[in-house]
Amino acid sequence: MKRAFGDAVLFVLSLALYVHTLAPTILPADAGEFQFVAHVLGIAHPPGYPLYTVLAKCFTLLPFGDIAYRVNLFSAVTSALTLVVLWRAVRRITGSAMAGWIAAAGLGAATTFWAQSTTANIRSLTALFVALQLDTLIAYAQSKDRKHLIAFALSFGLGITHHGSLGLLLPAYAAFLLATDPELLRQPKA
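Our subject in this report is the structure included herewith.

1. Section: the overall build of the protein
Logical step 1: Secondary structure assignment for the protein yields nine helices and zero strands.
Logical step 2: Relative to the 2.2 N^0.38 estimate, which gives 16 Å for 190 residues, the radius of gyration of the protein is 18 Å and therefore close to what a compact globule would have.
Logical step 3: With respect to the principal axes defined by its C-alpha atoms, the protein has extents near 50 × 35 × 25 Å.
Logical step 4: Of all intrachain contacts in the protein linking residues separated by at least 6 positions in sequence, the fraction that spans at least 24 positions is 66%.
Logical step 5: Accessible surface for the protein amounts to roughly 9,900 Å². Of this, 74% is attributable to carbon and sulfur atoms.
Logical step 6: For the protein, the distance from the average site of its 13 positive side-chain charges to the average site of its 8 negative ones is 8 Å.

Encoded structure:
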C-alpha cells in the first residue's frame, strides 16, 4: 500500500509541475508537426512514430484546452509516469525509497528532461519505454519470475514500434539477461 501511495504522490507532484510549466498552445518545428499529426492521424517525418501518433490522438479527444495543449499534456503524463517507473527501479535495486525519490527528482528537474516534458515530442514516450524496460529487467533478475521477462518483452516490442533506435539497446539487454540468468540459454522458449 505504501508503494502505491508513493507512486501516486510522485505522479501527481511531477505532473502538477509539468502542467504548470506546459507549453500553452501551438509550437514550431517538430513539436508543431507532432501536434498536427496527432490531430489528423497523419504520418510524421521518418520513421513516422505510429505508436506516438495513436496515443497522442487519444489526448486530442480530451474536453479541455486546445488540441496543441492536449498533445503537450501527453508528454507531461508520459514524463510523470517515467519518474514513477524510475523511482520503482531505483527502490528495487537499493531497497531505499529515499534513493528512488532522489533519482526521480534528479531526472525530473534536469533541464532537458523537464523541457521535453512540457512540449509535444517523441522523447518523453521513449524515456518511458526505456524506464519500463530497465525496471522489468531488474525485477526479473531479482525474482526470476517469467512475468517480468514477458513484461520486458512487451515494453521492448512496443518501444521498438515507437522508435527503432531502441533496438540498439538489445545487445546490452541480452548481456544483462545472460549475466543474471545463464539458464536462459538452455531454455529456448524463454
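2. A look at the packing of aromatic side chains
Logical step 1: Considering all chains together, one arrives at ten aromatic pairs under this definition.
Logical step 2: For the ring pair Phe34 and Tyr49, a centre distance of 5.6 Å and an interplane angle of 80° mean the geometry is edge-to-face. One end of the pair, Phe34, is in helix α2 (residues 29-40); the other, Tyr49, is in the loop between α2 and α3 (50-60), and 15 residues separate them in sequence.
Logical step 3: A relative accessible area of 3% means that Phe34 is categorised as buried.
Logical step 4: Ring centres of Phe152 and Phe156 lie 5.8 Å apart, and the angle between their planes is 25°; this geometry places the pair in the stacked category. Taken together, the residues span about one helical turn, with Phe152 and Phe156 both in helix α8 (residues 146-162) at a distance of four residues. Across this residue pair, the class does not change: Phe152 and Phe156 are buried.
Logical step 5: Aromatic ring contacts, followed pair by pair, group Phe34, Tyr49, Tyr52, Phe59 and Phe74 into a single cluster.
Logical step 6: One cation-aromatic arrangement involves Arg91 over Trp87; the distance from NZ or CZ to the ring centre is 4.2 Å.

3. Digging into the environment of Val37
Logical step 1: Positionally, Val37 belongs in helix α2.
Logical step 2: Residue Val37 is classed as buried on the basis of its relative accessible area of 5%.
Logical step 3: Considered as a pair, Val37 and Tyr49 are twelve residues apart in the sequence and their alpha carbons are 9.9 Å apart.

4. Details of the environment of Ser14
Logical step 1: In this fold, Ser14 is placed in helix α1 (residues 2-20).
Logical step 2: Looking at Ser14, the relative accessible area reads 6%, which means it is buried.
Logical step 3: On a C-alpha basis, the gap between Ser14 and Ala105 in space is 8.8 Å, while along the polypeptide they are 91 residues apart.
Logical step 4: Not counting residues up to four positions away in its chain, the partners in contact with Ser14 are Ala80 and Leu83.
Logical step 5: There is a polar contact of 2.8 Å between the side chain of Ser14 and the backbone oxygen of Leu10.

Rules of the game
- Residues numbered from 1 in each chain as written.
- Predicted model: local features only at pLDDT ≥ 70, side-chain atom pairs only at ≥ 80, totals over all residues.
- Heavy atoms only, no water.
- Helix = DSSP H or I, 4+ residues; strand = E, 2+ residues; numbered from the N terminus.
- Rg over C-alpha atoms; globule rule 2.2 N^0.38 Å.
- Contact = heavy atoms within 4.5 Å.
- Areas by Shrake-Rupley, 256 points an atom, 1.4 Å probe, with all protein chains shown as cover.
- Lys, Arg positive; Asp, Glu negative; His and termini not counted.
- Charge placed at Lys NZ, Arg CZ, Asp CG, Glu CD.
- Phe/Tyr/Trp six-rings, centres within 6.5 Å; stacked < 30°, edge-to-face > 60°.
- Buried < 20%, exposed > 50% of the residue type's maximum accessible area, 1.4 Å probe, protein only.
- Lys NZ or Arg CZ within 6 Å of the ring centre and 35° of its normal.
- Polar contact = N/O pair within 3.5 Å; in protein donor to acceptor, adjacent residues only side chain to side chain.

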